[in-house]
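What the coordinates show
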Amino acid sequence: MAKLYFRYGAMNSGKSTALLQAAYNYEERGQRVVVAKPRIDTKGASQILSRLGVGRQVDFLFDADDDVRFQFRAYARGDQPDTLVPHLAAPPVACFLIDEAQFCTPAQVDQLLKIAVVDEVPVLAYGIRTDFQTRAFPGAQRLLEIAHSLEELKTICRCGRKAMFNGRKLGDQFVFAGDQVAIDGVNVTYESLCGACYLKESGGVFLPEHPA
């Protein structure tokens, strides 16, 4: 049975790089992959961009009210966009890769599970768990609940500790109020922080072992 994988980490933990590497590994062995992401992620438009400067065009984008399984199965068959005319020469899909999976709806995560279990295509979903207020994204929460495999991609805070939280910045200032979704580079930026640095910037209590 194929599995649904959730590979998560704080901002700048190399999630997009890991996805692109996974796609490359499959294709290097002559296997076909399908890559998609939620349309709400406007960074890179219809591309997946790595901080290392590597990019890749997605096979399709999807909105919050789309049936991702339907779109995937149509693309896997080789149907032409808008016409759904079958292209019989399309080879089978070895893996379905999703970037920015936290922006999926819970229903779409359930659809990803069906792609893995019913359609027998492994699904690798990459994303972050929580927003800049440490609240879980609905899609990430559902992935944590039902994914067969969870893997944390680690990165470090500016102090050298393991980063777990995503600090949102307007200019040079951290902000802790606002909409849950604000795309990196569109008026805001993000910095990965450890728990101590996050509490410090948010006005919380310092952890005893962490210097001011």
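Residues numbered from 1 in each chain as written. Predicted model: local features only at pLDDT ≥ 70, side-chain atom pairs only at ≥ 80, totals over all residues. Heavy atoms only, no water.

Let's talk about the sheet that holds strand S10 (residues 173-175)
Filter applied, for reference: Paired strands are those between which DSSP finds at least two bridges. In this text, helices come from DSSP runs of H or I with a minimum length of four residues, and strands from runs of E with a minimum of two, each type numbered from the N-terminal end. Lines fitted to C-alpha atoms define the axes here, with helix axes fitted over just the stretch in contact, and angles between the N-to-C directions of these axes take values from 0 to 180 degrees. We call two residues contacting when some pair of their heavy atoms lies within 4.5 Å.
Here three strands make up an open sheet; going across it, the order is S10-S9-S11 and the pairing antiparallel. Whereas interior strands pair on both sides, the edge strands pair on one side only; in this sheet they are S10 and strand S11 (189-193). The mean inter-strand angle of the sheet, taken between neighbouring strand axes irrespective of direction, is 50 degrees. Direction of pairing for strand S9 (residues 165-170) relative to S11: antiparallel, over a ladder of five bridges. Looking across to S11, one finds that lysine 169 is bridged to threonine 189. Helix-sheet contacts for helix H5 (residues 195-202) involve S9, S10 and S11, and the interaxial angle to S11 is about 130 degrees.

Structural notes on the sheet that holds strand S1 (residues 4-8)
Across the sheet, which stays open at both edges, the six strands sit in the order S5-S2-S6-S7-S1-S8 with parallel pairing between neighbours. The sheet is open, and its two edges are formed by strand S5 (60-62) and strand S8 (149-152), each paired on a single side. Between one strand and the next, the sheet's axes are offset by a mean angle of 20 degrees, whatever the strand orientation. Relative to S8, S1 is paired through four bridges, and the arrangement is parallel. Its bridge partner lying in S8, arginine 7 is registered against glutamate 151.

Observations concerning helix H3 (residues 106-117)
Formally: Expected span, for any helix, means 1.5 Å times one less than how many residues it has. Note on exposure labels: buried denotes an accessible area under 20% of the residue type's maximum, exposed denotes more than 50%, and partly exposed covers the range between, all computed with a 1.4 Å probe on protein chains only. Taking the helix axis as origin, the arc is that swept by the directions to the C-beta atoms.
Here H3 spans 17 Å end to end across twelve residues, near enough to the 16 Å set by a 1.5 Å rise per residue. Buried within H3 are the following residues: Gln108, Val109, Gln111, Leu112, Ile115 and Ala116. The arc enclosing the buried residues of H3, seen along the axis, measures out at 155 degrees, which places them on a common side. In this fold, the buried residues of H3 make contact with S1, S5, helix H2 (68-77), strand S6 (93-98), strand S7 (123-127) and helix H4 (138-146).

Some details on the pattern of salt bridges
Rules: We count a salt bridge whenever a side-chain nitrogen from Lys or Arg sits within 4 Å of a carboxyl oxygen from Asp or Glu.
This model, assessed by the stated rule, comprises 13 salt bridges. Put simply, glutamate 151 and arginine 7 hold a salt bridge, and the shortest N to O gap is 3.2 Å. One end of the pair, glutamate 151, is in strand S8; the other, arginine 7, is in strand S1, with 144 residues separating them in the sequence. Judged by relative accessible area, arginine 7 falls into the partly exposed class, the value being 21%.

Quick notes on the confidence of the model for the protein chain
Operational definition: A score from 0 to 100, pLDDT tells how confident the predictor is in each residue.
Here the protein chain averages 87 in pLDDT, while 89% of its residues score no lower than 70. Taking the mean pLDDT of every element in the protein chain, the minimum, 84, falls on strand S3 (residues 47-49) and the maximum, 98, on H3. Predicted confidence for residues 205-212 stays below pLDDT 50, and this span has twelve contacts to residues more than four positions away or in other chains.

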